[in-house]
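For reference, the chains in residue letters:
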Amino acid sequence: MFFIAGITGHVGGAAARHLLTKGKQIRTLLRTPEKAKAFAEQGVEIQQGDLNDAEALARALQSVEGAFLLMQPTMTPPPDFSDAKASLSSYTTALAKAPVPRLVALSSMGSEKIEKLGNITATSLMERAFGDLPFPAAFVRAGSFYENYSSAVPAAQHTGKYFSFQPVDFPFPAVGAIDIGNVVAELLLNGWTCKKVIELGSLTTANEMAAAVGKAIGRDVQAQTIPRQAWAETLQQFGLPPGSTGPYEQMMESIGNGWIAFGQPGTDPIPATQTPEQFFAAVAKG
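What counts and how
Residues numbered from 1 in each chain as written. Predicted model: local features only at pLDDT ≥ 70, side-chain atom pairs only at ≥ 80, totals over all residues. Heavy atoms only, no water. Axes fitted to C-alpha atoms, helices over the stretch in contact; angles between N-to-C directions. Helix = DSSP H or I, 4+ residues; strand = E, 2+ residues; numbered from the N terminus. Parallel < 35°, antiparallel > 145°, perpendicular 65-115°, else oblique. Left-handed = near helix turned anticlockwise from the far one by under 90°. Contact = heavy atoms within 4.5 Å. Nonpolar A, V, L, I, M, F, W, Y, C, P; charged D, E, K, R; others polar. Pairing = 2+ DSSP bridges. Polar contact = N/O pair within 3.5 Å; in protein donor to acceptor, adjacent residues only side chain to side chain.

Moving on, we get to the packing of helix α1 (residues 10-21) against helix α7 (residues 177-190). The geometry of α1 relative to α7 is characterised by a closest axis approach of 7 Å and an angle of 50° between their N-to-C directions. What the angle tells us is that α1 and α7 run oblique. Considering the relative orientation of α1 and α7, their crossing is right-handed. Side by side, α1 and α7 meet where His10, Val11, Ala14, Ala15, His18 and Leu19 of the first sit next to Ala177, Ile178, Ile180, Gly181, Asn182, Val184, Ala185, Glu186, Leu188 and Leu189 of the second. Across the contact of α1 with α7, the residue classes tally to 11 nonpolar, four polar and one charged.

Shown next, in the form of structure tokens:
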């Protein structure tokens, strides 16, 4: 039995599906169990509860072979990251009450740093909170998710443009959720010793992403950099409230200047297997 958090999301769902193909039993914790009906029909044990409830999480972790945890994603974290700290308080309390044989945690590139991270601050806090656990812990530092760029397909169909916060030829690590989920599942299945940090993803550029989008929709698509002074307005057009865009802007700045990057000492690199072409082709097909 393995515990998988976030089973209704991209990564948790991918990890669960991989484990199910291996014939493994899975348990999860959801506020609304009905959202995982398809998994329940495959035999997944769904306990009702909240990950931020340490007692409920500890019950869900009892007697598992391994567990996967992740921070709840948000584009607009509070300035003090109180939401992430509340989650980590629940996680560490639950893990103290119900230690697991091994833990895989979804982290992010840059999480070894403690400042100038923007949204990535949440996973940096997580790595520090989990750093001294008395059982093997693996941190999967993923590159930028392909899923974050899904909206590029309809935008390109309308404009012929692929918009980027970085220069069009700037290389950055990226990966799809299916690769992340598969790596999480294989870590849980095969185990490791002590602490392990993985950098998961392959370098790509906005030009290459634009070409992949163009191939998927059958038209020429050109990458275009969003000017720095237009970042806040652009993010507001994406739905972020005015005054809330600072963490995302800081994260983009730190990626662009190399503060957030792959190639950190003591990490194990794993390249992406899904390509941007494969991802955007699937998005275009719906």
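Turning our attention to the sheet that holds strand β11 (residues 202-204). In spatial order, the strands read β7-β9-β11; together these three strands make up an open sheet with mixed pairing. In this open sheet, the two strands that pair with only one neighbour each are β7 (144-145) and β11. Summarising the sheet, strand β9 (residues 172-175) and β11 pair through three bridges and their orientation is antiparallel. Paired with Ala174 across the two strands is Ser202, which belongs to β11.

Looking now at the side chain of Ser111. Tracing the sequence through the fold places Ser111 in the loop between β5 (103-108) and α5 (121-129). A polar side-chain atom of Ser111 sits 2.7 Å from a polar atom in the side chain of Thr123. Those residues in contact with Ser111 that sit more than four places away from it in its chain are Ile120, Thr123, Ser124, Glu127 and Arg141.

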